[in-house]
Amino acid sequence: MPLRAVLIDVLGTLVRLEPPAPHLRAELARLGFEVDAGAAERAFAAEIDYYVEHHPEGRDSSSLAELRNRCAAVLHDALGLPELPLPAAREAMLASIRFDPYPDAAPALRALRARGLRAVAASNWDCSLPEVLERAGLLGDLDGVVSSAEVGARKPDRALFEAALAIAGCPAAEALHAGDSVENDVQGARAAGIGAVLVDREGTAVAPPHVPVVAGLDELAALI
């Protein structure tokens, strides 16, 4: 059947997370608190672990604010700075989380849409995903965005893929999913009946048999 839509993961595929620990150290220094690199790395690692586990709870602005409060409390505790006010820790945390689009992201999305394909972002994220993509300059190059928090299920659950297909307006057999995780993206998509492409920007992944691997989205656009 002809291809009508491409579903695309976000983190590691469309955007990258700038290393947050150096930003955290700078934000805390601005507030008058000195933290060494190791402490900042450990604190953000604890925060990220908590967020990954709980991100589907950020379903709307109210629940997202509460989730961010809890993430900030995790980071605050890990920093071991009792004199640092929790609201200041929250502010520093949010200011340190910055996403950059990969240089090939926007051109690839535009190339896909120029061929008449619909492009839908489908990612494990809280409800702020459209805002993140807008700040990255990518939202206008997408036909839709689906987050796990919105759906109430995270990849590799087929529910997230089915929600993306609904936005794309096509059946699984007429879609392709591209992402950087073998488990979440490749195996999840194939279980939902969708063809998959592994995006391996680091050149370290091991793809299942018969799954195409690309080093970037420029190669994806050329592959399709």
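Rules used throughout
Residues numbered from 1 in each chain as written. Predicted model: local features only at pLDDT ≥ 70, side-chain atom pairs only at ≥ 80, totals over all residues. Heavy atoms only, no water. Helix = DSSP H or I, 4+ residues; strand = E, 2+ residues; numbered from the N terminus. Buried < 20%, exposed > 50% of the residue type's maximum accessible area, 1.4 Å probe, protein only. Lys, Arg positive; Asp, Glu negative; His and termini not counted. Salt bridge = Lys/Arg side-chain N within 4 Å of Asp/Glu carboxyl O. Contact = heavy atoms within 4.5 Å. Arc of directions from axis to C-beta. Disulfide = S-S within 2.5 Å. 1 Å grid on protein atoms, 1.4 Å probe; cavity = no way out; pocket = protein on both sides within 12 Å on 5 of 7 lines; lining within 4 Å. Points joined across faces, edges and corners; volume = space filled by probe spheres on them. Nonpolar A, V, L, I, M, F, W, Y, C, P; charged D, E, K, R; others polar.

Q: What am I meant to see in the environment of A166 here?
A: In this structure, A166 sits in helix α8 (residues 158-168). Residues A166 and G144, spaced 22 residues apart in sequence, show a C-alpha to C-alpha distance of 10.0 Å.

Q: For this particular structure, what's the right way to read the side chain of E47?
A: With respect to the element layout, E47 can be found in helix α2 (residues 37-54). We note that E47 is buried and unpaired, the nearest opposite charge coming from R68 at a distance of 8.1 Å. The residues contacting E47, other than those within four sequence positions of it, are C71, V74, L75 and M93.

Q: Looking at this model, I keep getting lost on helix α1 (residues 20-30). Mind explaining?
A: Three or four residues apart is the spacing at which side chains of an α-helix point the same way, because the helix has 3.6 residues per turn. For α1, the full list of buried residues reads P20, A21, H23, L24, E27 and L28. End-on, the buried residues of α1 take up no more than an arc of 155°, which puts them together on one face. Residues of α1 that are buried sit in contact with β2 (15-17), α2, α3 (61-79) and α4 (86-96). Phi turns positive one or two residues past the end of α1, at G32, with a value near 95°.

Q: Would you take a moment to explain the state of the cysteines for this structure?
A: Each disulfide consists of a covalent bond between the sulfur atoms of two cysteine residues. Under the defined criterion, the tally for this structure stands at zero disulfides. For C127, which is in no disulfide, the shortest distance to another cysteine sulfur is to C71 and amounts to 13 Å.

Q: Just checking my understanding: could you explain the layout of surface pockets for this structure?
A: Taken as a whole, the largest pocket spans an internal volume of roughly 770 Å³. Residue lining of the largest pocket: 30 residues in total, with L11, Y51, F99, N124 and W125 positioned closest to the centre. Those elements giving two or more residues to the lining of the largest pocket turn out to be α2, α3, α4, α6 (129-135) and α9 (182-191). Classifying every residue of the lining of the largest pocket by side-chain character gives 15 nonpolar, six polar and nine charged.

Q: Got a minute to help me understand unusual backbone geometry in this structure?
A: Among all residues save glycine, negative phi is the norm, and among peptide bonds the norm is trans. Residue P156 follows K155 across a cis peptide bond; omega there is 15°. Its location among the elements puts P156 in the loop between α7 (148-151) and α8. Here H210, not a glycine, exhibits a phi torsion of approximately 70°, which is positive. Relative to the helices and strands, H210 is located in the loop between β7 (195-199) and β8 (213-214).

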